[in-house]
Amino acid sequence: MTHRALTTYLTDCSRRAEASRLTVVGHPAPDTDAVVSALFEAWRLTRTGTPAVPLVQAAALPRETAWLLGDAASLAPLGAVNPAAQLVLTDHHDTAAYAGRVVAVVDHHPLSPGTDLTDIDAEIQPVGAATTLVARRIRRDGLVPDAFCARVLLGAILLDTEGLSPYKAKEQDRETAGWLADLCGEDPAALFAALQNELLSETDLPTLFARDYRRYTDPEGAPLMGFAILKVWADAEPDLAAVRALLQADLAAGGCRVCVAKTVLHRPDGTREERYLAAGPQADAVLELVRRTGGPQARRTGPDQVFLPAACVHRGRKWYAARLLEAIAEKT
Ligand SMILES: [Mn+2]
């Protein structure tokens, strides 16, 4: 798997997009893990005898993803899923959203209650990055990434595990990252710092809001919670009124019972503070759980917000979603 072969493959994909029916796609509003896992799973499938094309469900790549992909970034196919295509999902498993067209799943998110995986070739493992699972398949198939491809795969794993943080990374992530670091000769800490700098330098608010956004539904597909994570430098926090406007627009568009914007404020010394803004009928349930979880220093700084100083307990979206969705669904 070489840099040149990747660019040739992606160029071919854009020419043959209509001809191929099997499409590998990450979640909408994709992050680097969604993009890279889809690109490399599609390429791996093609290399092992199952022609497939990747698709990024966005109008543009995230800034840090484009930086990581370098000259291959402009070749990544962007757009909406072809309604006739059979699908492989990476980094998500929202099979209900694709009406029976999903043939395979490679994901690392906890299985959503009510998900029907009948007749779907699903690998869902609780590792830190979907790209870890794809890289392990590549390795299992005897394919060897060159330095460029190994660096791209490594970068996606680093971003999704926050630099192989013990809270996010599992043994499989560390082991796979070690294999990739050997292949590309990159220092994971330095690569993560460079990626993080690209990511935190994004300042366009609609881009920030959409970049790491998830919408959760009940088992019947009814919308429950929209949840955006905005990662920025602490001295560049977005205007709160503008974030509120995006939450209101998201509530109106999605019909969720609560929409949340978690802004993670990174300081140059590596510490971080968090502000949660919430809107909708169930906003209070979310904010109170965040405040209680954060500990004594967590502050309710307004009717629609909670602020968590650096010393608080900081939990991820998956952790909150696992505890909130049932309560939100019950309160009709
Ligand atoms: Mn992921």
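Residues numbered from 1 in each chain as written. Predicted model: local features only at pLDDT ≥ 70, side-chain atom pairs only at ≥ 80, totals over all residues. Heavy atoms only, no water.

1. A look at the overall build of the protein chain
Put simply, the rule is: Put simply, DSSP marks the helices as runs of H or I at least four residues long and the strands as runs of E at least two long, and each gets a number from the N terminus on. We compute the radius of gyration over the C-alpha atoms and compare it with the globule rule, which gives 2.2 Å times the number of residues raised to the power 0.38. Only protein chains enter the accessibility calculation, which uses a 1.4 Å probe; a residue is then buried when its area is under 20% of its type maximum, exposed when over 50%, and partly exposed in between. Residues count as neighbours in contact if any of their non-hydrogen atoms are within 4.5 Å of one another. Values of accessible area rely on a 1.4 Å probe in the Shrake-Rupley scheme; residue burial ignores everything except the protein chains shown. When charges are tallied, Lys and Arg are placed among the positive residues and Asp and Glu among the negative ones, while His and the ends of the chain are skipped. Lys charges are placed at NZ, Arg charges at CZ, Asp charges at CG and Glu charges at CD.
Along the backbone of the protein chain there are 11 helices and 11 strands. By the compact-globule yardstick of 20 Å for 332 residues, the protein chain fits well, its C-alpha radius of gyration being 19 Å. With 332 residues in all, the protein chain has 53% of them scored as buried. Contacts in the protein chain between residues at least 24 apart in sequence constitute 64% of all its contacts with a sequence separation of at least 6. In the structure as shown, the protein chain presents an accessible area of about 14,200 Å², 53% of it carried by carbon and sulfur atoms. Averaging the coordinates of the 35 positive side-chain charges in the protein chain and doing the same for the 42 negative ones gives two points 2 Å apart.

2. Concerning the domain arrangement of the protein chain
Just so we agree on the cut-off: Domain delimitation in this document rests on an assignment produced automatically or drawn from a domain database. Each salt bridge in this description consists of a side-chain nitrogen of Lys or Arg and a carboxyl oxygen of Asp or Glu lying within 4 Å of one another.
Split by domain assignment, the protein chain resolves into domain 1 (3-196) and domain 2 (205-330). On a C-alpha basis, the centres of domain 1 and domain 2 stand 26 Å from each other. Contact residues are listed per partner, giving 15 residues for domain 1 and 10 residues for domain 2. Linking domain 1 with domain 2 are 3 salt bridges, by the criterion used here. Close ionic contact of Arg211 with Glu64 constitutes a salt bridge, the shortest N to O distance being 3.5 Å.

3. Structural notes on the sheet that holds strand β5 (residues 121-124)
The cut-off we apply is this: Strands are labelled as partners when DSSP assigns at least two bridges between them. Note on geometry: axes are lines fitted to C-alpha atoms, helical ones only across the stretch in contact, with angles between N-to-C directions running from 0 to 180 degrees.
The sheet built from 5 strands is open, its strands ordered β2-β1-β3-β4-β5 with parallel pairing. Sheet topology places β2 (53-55) and β5 at the edges, where each strand pairs with a single neighbour. For this sheet, the mean inter-axis angle between neighbouring strands, taken without regard to orientation, is 20°. Pairing between strand β4 (residues 102-107) and β5: 4 bridges, direction parallel. Following the sheet pairing, Ala104 is matched in β5 by Asp121. Of the strands in this sheet, β4 and β5 touch helix α4 (residues 130-140), which is tilted by about 105° from β4.

4. Side note on the packing of aromatic side chains
Given two aromatic rings, their pairing is described by the distance between the two centres and the angle made by the two planes. Our working definition: Note on aromatic pairs: the rings of Phe, Tyr and Trp (six-membered ring only in Trp) are paired at centre separations within 6.5 Å, and the planes decide the class, stacked below 30 degrees, edge-to-face beyond 60, tilted for the rest. Either the NZ atom of lysine or the CZ atom of arginine qualifies as a charge over a ring when it sits within 6 Å of the ring centre and within 35 degrees of the ring normal.
Considering all chains together, one arrives at 6 aromatic pairs under this definition. Measuring from centroid to centroid gives 5.7 Å for Tyr276 and Tyr320, while their planes differ by 75°, and the two rings are edge-to-face. Taken together, the positions of Tyr276 in strand β9 (residues 272-279) and Tyr320 in helix α11 (residues 317-330) put the pair 44 residues apart, joining distant regions of the chain. Of the two residues, Tyr276 and Tyr320, both sit in the buried class. Through pairs of rings, three or more aromatic residues link up here, namely Phe227, Tyr276, Trp319 and Tyr320. Positioned above the aromatic ring of Trp319, the side-chain terminus of Arg323 is 3.8 Å from the ring centre.

5. Re the packing of helix α5 (residues 147-160) against helix α7 (residues 188-200)
Applicable threshold: An angle below 35 degrees is treated as roughly parallel, one above 145 as roughly antiparallel, one from 65 to 115 as roughly perpendicular, and anything else as oblique. By definition, any crossing whose near helix is turned counterclockwise from its far helix by less than a right angle is left-handed, and any crossing with a clockwise turn is right-handed. Amino acid classes used here: Ala, Val, Leu, Ile, Met, Phe, Trp, Tyr, Cys and Pro are nonpolar; Asp, Glu, Lys and Arg are charged; the rest, including Gly, are polar.
The contact between α5 and α7 brings their axes to 10 Å, and the two run at 70°. Classified by the angle their axes make, α5 and α7 are roughly perpendicular. Crossing handedness for the pair α5 and α7: right-handed. Within the contact between the two elements, α5 uses Arg151, Leu154, Gly155, Leu158 and Leu159 and α7 uses Pro188, Leu191, Phe192, Leu195 and Leu199. When its residues are assigned to classes, the contact of α5 with α7 shows 8 nonpolar, 1 polar and 1 charged.

6. Considerations on the coordination of the manganese ion
Put simply, the rule is: Ligating atoms shown are N, O and S within 2.8 Å of the metal, or 3.2 Å for Na, K and Ca, and water is not included, meaning a site may look less than complete.
Only Asp33 (OD), Asp91 (OD), His108 (NE2) and Asp160 (OD) from the protein coordinate the manganese ion, and they sit 2.1 to 2.3 Å from it. Mapped onto the sequence, the donors of the manganese ion take the spacing D-x57-D-x16-H-x51-D. Residue Asp91 is located in the loop between β3 (86-90) and β4, and its partner Asp160 is located in helix α5; the two are separated by 69 residues in the primary sequence. Neither Asp91 nor Asp160 differs from the other in exposure class; each is buried.

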